[in-house]
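# Reading the structure
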There are 2 protein chains.
Amino acid sequence: MEKTDKRTSILNAAEKLFASQGFEGTSTRQIATEAGANMSMINYYFGSKEGVFMEIMSNRIKGFSLALTSIEAEDLNQLEKLMMVIDQYTRRILDNIAFHKMMHRELSLSQRPEMYDKLKQAMSGNLMIIERIINEGIAQGEFRSVDVRMVIASIMGTITNVVTSPSKITAGSKLDIKIPADREILTERLITHLKDLTKTYLTPQK
Amino acid sequence: MEKTDKRTSILNAAEKLFASQGFEGTSTRQIATEAGANMSMINYYFGSKEGVFMEIMSNRIKGFSLALTSIEAEDLNQLEKLMMVIDQYTRRILDNIAFHKMMHRELSLSQRPEMYDKLKQAMSGNLMIIERIINEGIAQGEFRSVDVRMVIASIMGTITNVVTSPSKITAGSKLDIKIPADREILTERLITHLKDLTKTYLTPQK
DNA sequence: CAAAACTAATCAATCGTTTGATTGATTGAA
DNA sequence: TTCAATCAATCAAACGATTGATTAGTTTTG
């Protein structure tokens, strides 16, 4: 029943270690041990340690902007569209916390400019969808006139803040973001907050 | 007139390099070269590379929660207090972008638990001040009943998002966060947004 | 049997740290 | 005033350990 081939077990081990220790802080020997593979298998399959990193990123990037584009085409008002985007985007990120942490950390470094551009391009698609929805809502008078880029920064920033510093939210409670059931609770709580925040902020009070 | 002693020039060089390359990604030889000092001076003054990191963090932590505490005592309503906190907190962070980026990156790692606790403790003071202000505002009926921890996550997250990914905000414009004049513009824009967001969200519409 | 998958051993390079010697200024008794 | 002693500061060189990567050989598989 051991159906995990060495190649993917290396990818999984590397992602886990990169997320908790950083790229530079993780050695190829650690990855190999964690994956239950020989050290040279890393270079055999991926060419180099950086190749492993690139492969992880590439795999994750694929299909990240797929679900969001369909929302834009649906026959809904802009607020409903925005609520759906927040819902899906938040769930996607909280289902891939390790990757999201790793991404944010390594991209704040000035190394790996190629991966930076690659990821920036992939993410800008998502950003533009949200930007278009809000701008459309403003144009139609459905939303107040606001600083759209800053609103997006608030939405994204809130999610990232919860993912990278969950203890600030859960302090005092018994919740632990590493436990799936607790993470589900936290996800719903975050979505509820973000929807309430954006709806209240963007919808003009009569 | 060369008044920069080796000790502080090592600290400055290290902070600059840590901010752009990460702790693990920066070698002691790099630090020494950048500081114009001999490699062994690092261990002579700070004991180890990690000692340099600790010293930088300790220096920055000092006096970070000083300005905020005075606000709480002032004779203002909770909204006015919150506006002042947002104003000062945002300015402080955008005046120390390199440190803030370095802090967030290294603290998202599972290493250096001692520094993690130290910083967490220092920051929790700031968090508690904001939390108390909002809770007080809710109790007095000045604010709507909201998820306080999530509101704080939105405020902090927005600032961090702008600091770590300024290009998402400035894309299309000629602004560059590395240029002091542009950074000032961005700071004011961020403060305006955060004040507008929190005021609109927390103040109940009649 | 040949290609693919895998292993142990080893490579040169770099890491953080330590060593032992040297410098220049300061001190205190002669 | 002089001179030896002492001090922190600085240096080049080297330390052992670890790094990412490669080799050459073995096993597995289709």
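Residues numbered from 1 in each chain as written. Chains lettered and ligands numbered in written order. Predicted model: local features only at pLDDT ≥ 70, side-chain atom pairs only at ≥ 80, totals over all residues. Heavy atoms only, no water.

## Let's talk about the protein's contact with DNA strand C
- In the vicinity of DNA strand C, 17 residues are found, and the nearest of them are A:Ser40, A:Tyr45, B:Arg29, B:Met39 and B:Lys49.
- In DNA strand C, the atoms that sit within 4 Å of the protein are 42% sugar and phosphate, with bases accounting for the remainder.
- Side-chain polar atom of A:Ser40 to a base oxygen of DNA strand C: 3.5 Å apart, as the coordinates give it.
- Within the contact set of DNA strand C, a phosphate oxygen lies 3.3 Å away from a backbone nitrogen or oxygen of B:Thr26.
- Where the surface near DNA strand C is concerned, the elements lending two or more residues are helix H3 (40–46) of chain A together with helix H2 (28–35) and helix H3 (40–46) of chain B.
- Counting residues per element, the surface near DNA strand C draws most heavily on H3(A), at 4 residues. (Near = heavy atom within 4 Å. Polar contact = N/O pair within 3.5 Å; in protein donor to acceptor, adjacent residues only side chain to side chain. Helix = DSSP H or I, 4+ residues; strand = E, 2+ residues; numbered from the N terminus.)

## Quick look at the UniProt feature "DNA-binding region" (unreviewed entry) in chain A
- As recorded in UniProt, the feature "DNA-binding region" (unreviewed entry) lies at residues 27–46 of chain A.
- For the annotated span residues 27–46 of chain A, helix accounts for 75% and strand for 0% of the residues, and the straight-line distance between the end C-alpha atoms is 15 Å. (UniProt positions renumbered as here; feature names shortened; annotations may be inferred.)

## Here we look at the interface of chain A and chain B
- Taken together, the contact between chain A and chain B spans 41 residues of the former and 41 residues of the latter.
- Buried area between chain A and chain B, both sides added, is near 3,800 Å², and the carbon and sulfur share of it is 55%.
- The three residues of chain A that bury the most area against chain B are A:Arg149, A:Met150 and A:Tyr201, which together make up 17% of that side's buried surface.
- Connecting chain A to chain B are 4 salt bridges.
- One salt bridge in this structure joins B:Arg189 and A:Asp147, with 2.6 Å as the shortest N-O distance.
- Our count for the chain A to chain B interface comes out at 18 residue pairs in polar contact (both at pLDDT 80 or more).
- Of all elements in the fold, only helix H1 (6–21), helix H7 (97–107), helix H8 (113–139), helix H9 (148–164), helix H10 (166–170) and helix H11 (180–202) of chain A reach the threshold of two or more residues within the side of chain A that touches chain B. (Contact = heavy atoms within 4.5 Å. Buried area = accessible area lost by both parts, 1.4 Å probe. Salt bridge = Lys/Arg side-chain N within 4 Å of Asp/Glu carboxyl O.)

## Focus: the relation of the copies chain A and chain B
- The operation relating chain A to chain B is a screw motion whose rotation component is 180°, with 0.0 Å of axial translation and a residual RMSD of 0.3 Å. The symmetry that links the two subunits is that of a two-fold axis. Using C-alpha coordinates, one finds that chain A approaches the rotation axis most closely at A:Gly157, a distance of 2.0 Å.
- When the interface residues of chain A are mapped onto chain B, 100% of them are again interface residues, pointing to one common binding face. (Least-squares fit on C-alpha atoms with pLDDT ≥ 70 in both.)

## Looking at the protein's contact with DNA strand D
- Near DNA strand D, the surroundings consist of 17 residues, among which A:Thr28, A:Met39, A:Lys49, B:Met41 and B:Tyr44 are the closest.
- The separation between a phosphate oxygen of DNA strand D and a polar side-chain atom of B:Tyr45 is 2.9 Å.
- Residue assignment for the surface near DNA strand D shows that the elements contributing at least two residues are helix H2 (28–35) and H3 of chain A together with H3 of chain B.
- Examining the composition of the surface near DNA strand D, we find that 4 residues originate from one element, H3(B), more than from any other.

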